[in-house]
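Residue-level listing of the chains:
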Amino acid sequence: MKAENKIQQEIVKWFRENYYNKGVIFSVPNERKGGYMAMKDLLLTGLLSGVSDLIVIVKNKVMFVEVKNKTGRQSEKQKDFEKQVINLGFEYYLVRSLEDFKKNTRLNK
């Protein structure tokens, strides 16, 4: 089974090759690592548990993409973030492969 970080790398590589100058894709490192002070600094500067793995911006559209492998499940914080994003009128996708990303995000080239 392919690891989630490998799936995410494939998505980023494909997007950047196919949407150069047409969109932006990026991740927000959001892992809780380090001691208490490092954690406190991260929280104070905007660390938010549950944020999607990728943020995709194309003309007039912002999408939030959570990457999971075939057996991966969203945490409760990820589900809460998804609800917040959708309630604000943005698109949120849970994808399990590059093909899943291409099919479900309906990117406008």
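The rules behind these values
Residues numbered from 1 in each chain as written. Predicted model: local features only at pLDDT ≥ 70, side-chain atom pairs only at ≥ 80, totals over all residues. Heavy atoms only, no water. Helix = DSSP H or I, 4+ residues; strand = E, 2+ residues; numbered from the N terminus. Buried < 20%, exposed > 50% of the residue type's maximum accessible area, 1.4 Å probe, protein only. Contact = heavy atoms within 4.5 Å. Areas by Shrake-Rupley, 256 points an atom, 1.4 Å probe, with all protein chains shown as cover. Phe/Tyr/Trp six-rings, centres within 6.5 Å; stacked < 30°, edge-to-face > 60°.

Chemist: Help me get a handle on the overall build of the protein, residues and values and all.
Modeler: Looking only at helices and strands, one finds 4 helices and 4 strands in the protein. Going through the 109 residues of the protein one by one, you find that 36% of them count as buried. Taking as baseline every contact in the protein between residues at least 6 positions apart, the subset at least 24 positions apart corresponds to 61%. As displayed, the protein offers around 7,400 Å² of accessible surface, 53% of which is attributable to carbon and sulfur atoms.

Chemist: Summarise unusual backbone geometry; cite the residues concerned and give the values.
Modeler: In this structure, Asn21 takes a positive phi of about 65° despite not being glycine. Along the chain, the position of Asn21 falls in the loop between α1 (4–18) and β1 (23–27). A relative accessible area of 68% means that Asn21 is categorised as exposed. With phi around 60°, Asn60 is a residue other than glycine that occupies positive phi space. By the secondary structure assignment, Asn60 is in the loop between β2 (54–58) and β3 (61–67). A residue is classified by how much of its surface remains accessible, and Asn60, at 76% relative accessible area, is exposed.

Chemist: Before we move on, can you summarise the packing of aromatic side chains with the specific residues and values?
Modeler: Scanning the model with the defined rule gives 6 aromatic pairs in all. Ring-pair connections join several aromatic residues into one group, and the members of that group are Trp14, Phe15, Tyr19 and Phe101.

Chemist: Can you lay out the environment of Phe81 for me, pointing to particular residues and giving the numbers?
Modeler: Mapped onto the fold, Phe81 is located in helix α3 (residues 76–87). Along the primary structure Phe81 and Phe64 are separated by 17 residues, whereas in three dimensions their C-alpha atoms are 9.8 Å apart. Those residues in contact with Phe81 that sit more than four places away from it in its chain are Leu48, Gly50, Val51, Ser52, Phe64 and Tyr92.

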